[in-house]
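Working through the structure, step by step
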Amino acid sequence: MALTTRESRPQEVLRDETRLPQTPEPGVIVIFGASGDLTSRKLVPALYDLAAARRLPMEFAVVGISRTKMSHEEFRERLRRALEEQRPGRVSEEVWESFSEGIFYLPGDSKKPETYRELKDFLEKLDRERGTGGNRAYYMASSPSLFPAIVEHLGEAGMNREEDGGYARLVVEKPFGRDLESARALNADIQRYFREDQIYRIDHYLGKETVQNILALRFANGIFEPVWNQHYVDHVQITVAEDIGIEGRGAFYEEAGALRDIVQNHLMQVLCLTAMEPPVAFDATPVREEKVKVLKAVRPIRREEVGEVAVRGQYDRGWIFGEEVPGYREEEGVAPDSETETYVALKLFIDNWRWAGVPFYVRAGKRLPKKVTEIAIQFHRTPHTPFSGSDTRQLEPNLLVIRIQPEEGVSLKIGAKVPGTGFEVRSVNMDLLYGTAFMTEVPDAYQRLLLDLMLGDPTLFIRADEAEGAWSILQPVLEAWSEGEVSRYPAGSWGPKEAEELLARDGRRWRRP
């Protein structure tokens, strides 16, 4: 295969200037499962944006691997078309030409040793001709069932070894197993060949600006820490709602369900960031240690009490934005008698000094009225108000809402006097929208995470004990839900009535974001 050498390459117009401090070392990202959607919809667009922002080194390459027969040019053209579809008229010819010169493709079966022999030779050729320096990041974007085979073949081929100062990193896409036992088995398989500090378990939620801003809000503002505890907080609600259905992923969703797809990873990570203690530094080890402490402090759910603290639901036919949508059991690839949950609600307690007695209500669901991800921290009412009852009828407790998507921002509900001659006090919102506050485009989560991967910063990636800790909490729920019937809710509603009852029993109710 002919490669474009550094000497023969056209001038690198966009990357031939002084590098920014955070530009990674030369290297290669090898993507297994490169013909899939993740590569064309997320990974390559994120890398393209990094190239456009001059955050990639000149000596950088992407090597895609999958069983589909394609040439380098056909692979590049396929990625280019996908990029154009995402952002019509906004793909820079100059940037793409420079970036795509470093994109290559190898057809091969990831279960066969010869694929790895060919890949190893090709990577060594890239080192010689493009100066990629022996640095490799292997990104497993394939089916999770292939992860153990890929890791084993990489290890048997010696491609896990870090030689001559180069690095060898492994990126594991979620799901990290199907339950506690399989998560432990997957970690054991991976750790046979890669050290933990070489492994980057990726949950793209952690790359979102507003998820990271939970930490900034909490630990960069002195006013929040004194009230961020059981003395002032009544309860916390975390919502991950989607208005879409399963989008043609019936086969996948039948195996996963909302608990595995959203709760075990995205939702538990947001819970950790909300409840964790201040880390001593914003580095990988201190941040991960504090998250693990939260997971260990979550009160275990006994199997016999699952019905009291957990609700599952499945959407029926209904209406979203004025359009009738099919029920889950009508979706392609879904069994007509499926009991897979598309909605989950849980009541959790974190048994530590800070959060003793404060319930954390978390929910995630599909075909809900709107797409929204948020954390709502409900504070206690004031112990006494000097105003008359008639003046405070519309006064609610203080509420801090951190909106992760859409319209990323923060909203604080406070009591304020209504203008006029009387003294009526009403709740109003103080809103901060990131888009207007900083007047800059929020980068995609994969941009941040891929850059961190190449820089060797695992702070926003998940450690093995984090993944297993989340599974430990949810395992009794999985086991209890392996039998029985799922509750139903109409598409376009906020979930089954049992979810409302979960909070009503505590004298509370879900927010309507």
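Just above, that's the structure.
All of these numbers come straight from a predicted model, not from anything done at the bench. (Residues numbered from 1 in each chain as written. Predicted model: local features only at pLDDT ≥ 70, side-chain atom pairs only at ≥ 80, totals over all residues. Heavy atoms only, no water.)

Within the protein, the secondary structure is distributed over 14 helices and 17 strands. Taken over C-alpha atoms, the radius of gyration comes to 25 Å for the protein, in line with the 24 Å a tight globule of 513 residues would show. Overall size of the protein, expressed as C-alpha extent along the three principal axes, is 80 × 55 × 45 Å. Classification of the 513 residues of the protein by burial places 54% in the buried group. Summing over all exposed atoms, the protein offers an accessible surface of approximately 23000 Å²; the carbon and sulfur share of this is 49%. In the protein, 68 side chains carry a positive charge and 83 a negative one; their mean positions are 2 Å apart. (Helix = DSSP H or I, 4+ residues; strand = E, 2+ residues; numbered from the N terminus. Rg over C-alpha atoms; globule rule 2.2 N^0.38 Å. Buried < 20%, exposed > 50% of the residue type's maximum accessible area, 1.4 Å probe, protein only. Areas by Shrake-Rupley, 256 points an atom, 1.4 Å probe, with all protein chains shown as cover. Lys, Arg positive; Asp, Glu negative; His and termini not counted. Charge placed at Lys NZ, Arg CZ, Asp CG, Glu CD.)

At a minimum axis distance of 9 Å, the contact between helix H7 (residues 209–219) and helix H8 (residues 250–275) shows a crossing angle of 10°. Classed by the angle they form, the pair H7 and H8 counts as roughly parallel. Contacts between H7 and H8 involve Val211, Ile214, Leu215 and Arg218 on the former and, on the latter, Val270, Leu273, Thr274 and Ala275. Partitioning the contact of H7 with H8 into residue classes produces six nonpolar, one polar and one charged. (Axes fitted to C-alpha atoms, helices over the stretch in contact; angles between N-to-C directions. Parallel < 35°, antiparallel > 145°, perpendicular 65-115°, else oblique. Contact = heavy atoms within 4.5 Å. Nonpolar A, V, L, I, M, F, W, Y, C, P; charged D, E, K, R; others polar.)

Glancing now at the environment of Phe176. By the secondary structure assignment, Phe176 is in the loop between strand S5 (168–173) and helix H6 (180–191). The spacing of Phe176 and Gln264 is 88 residues in sequence and 9.1 Å in space, taken between C-alpha atoms. Setting aside its immediate chain neighbours within four residues, Phe176 contacts Ala183, Leu186, Arg201, Ile202, Ile462, Ala467 and Trp471.

The strands that make up a sheet are held in pairs by hydrogen bonds between backbone atoms, and each pair lies either parallel or antiparallel. Read across the open sheet, the six strands follow the order S3-S2-S1-S4-S5-S6; overall the sheet is parallel. Single-partner strands in this sheet number two, and they are strand S3 (103–107) and strand S6 (199–202). Going from strand to strand, the sheet's axes swing by 20° on average, the running direction of each strand aside. Note: strand S1 (residues 27–32) against strand S4 (residues 136–140), five bridges, orientation parallel. If you follow Ile29 over to S4, its bridge partner there is Ala137. Contacts from helix H4 (residues 113–130) reach S1, strand S2 (60–66), S3 and S4, with the element oriented near 165° to S2. (Pairing = 2+ DSSP bridges.)

Moving on: the packing of aromatic side chains. For the structure on display, the rule yields 14 aromatic pairs. Ring centres 6.3 Å apart and planes at 70° place the aromatic pair Tyr48 and Phe99 in the edge-to-face group. With Tyr48 in helix H1 (residues 37–52) and Phe99 in helix H3 (residues 93–100), this residue pair connects regions lying 51 residues apart in the sequence. Overall, the relative accessible area of 4% leaves Tyr48 in the buried class. For Phe99, a relative accessible area of 3% translates into the label buried. An angle of 80° between the planes, with centres 5.0 Å apart, marks the rings of Tyr200 and Phe461 as edge-to-face. With a gap of 261 residues between them, Tyr200 in strand S6 and Phe461 in the loop between helix H12 (445–455) and helix H13 (464–480) connect regions that are remote in the sequence. (Phe/Tyr/Trp six-rings, centres within 6.5 Å; stacked < 30°, edge-to-face > 60°.)

With that out of the way, let us pick up the sheet that holds strand S17 (residues 487–490). Spatial strand order, S16-S15-S14-S13-S7-S12-S11-S8-S17: nine strands in an open sheet with mixed pairing. The two strands at the open ends of the sheet, each matched to only one other strand, are strand S16 (425–433) and S17. Adjacent strand axes in the sheet meet at a mean angle of 20° when their direction is disregarded. In this structure, strand S8 (residues 310–316) lies alongside strand S11 (residues 343–349), joined through four bridges in antiparallel fashion. What sits directly across from Gly313, in S11, is Tyr343. Sheet strands in contact with H7 are strand S13 (372–379), strand S14 (399–405) and strand S15 (409–417), and its direction is about 150° off that of S14. Together, strand S7 (233–241), S8, S11, strand S12 (359–365) and S17 form the strand contacts of helix H14 (residues 497–504), whose direction differs from that of S11 by roughly 15°.

With that out of the way, let us pick up a positive patch on the surface. Residues Arg67, Lys69, Lys111 and Lys112 make up a contiguous surface patch of positive charge. In this fold, Lys112 is placed in the loop between S3 and H4. Residue class for Lys112 comes out partly exposed when judged on its relative accessible area of 41%. (Patch = residues over 30% accessible without salt bridge, like charges linked within 9 Å, V, L, I, M, F, W, Y side chains within 5 Å. Salt bridge = Lys/Arg side-chain N within 4 Å of Asp/Glu carboxyl O.)

Let us now look at the nonpolar core. Core analysis: the largest hydrophobic core is formed by 148 residues, its most contacted members being Ile29, Val63, Phe99, Tyr138, Tyr139 and Leu450. Counting residues per element, this core draws most heavily on H8, which supplies 12 residues. Excluding anything up to four places from it in sequence, Leu450 contacts Ile29, Leu43, Ala46, Leu47, Leu50 and Tyr139. (Core = buried A, V, L, I, M, F, W, Y, C linked by side-chain atoms within 4.5 Å.)

What follows concerns the pairing of S7. Among the nine residues in S7, eight count as buried, and that is most of the element. As paired strands, S7 and S13 are joined by eight bridges and run antiparallel to one another. Of the residues in S13, the one forming a bridge with Thr239 is Glu374. As paired elements, S7 and S12 share six bridges and run parallel to each other.

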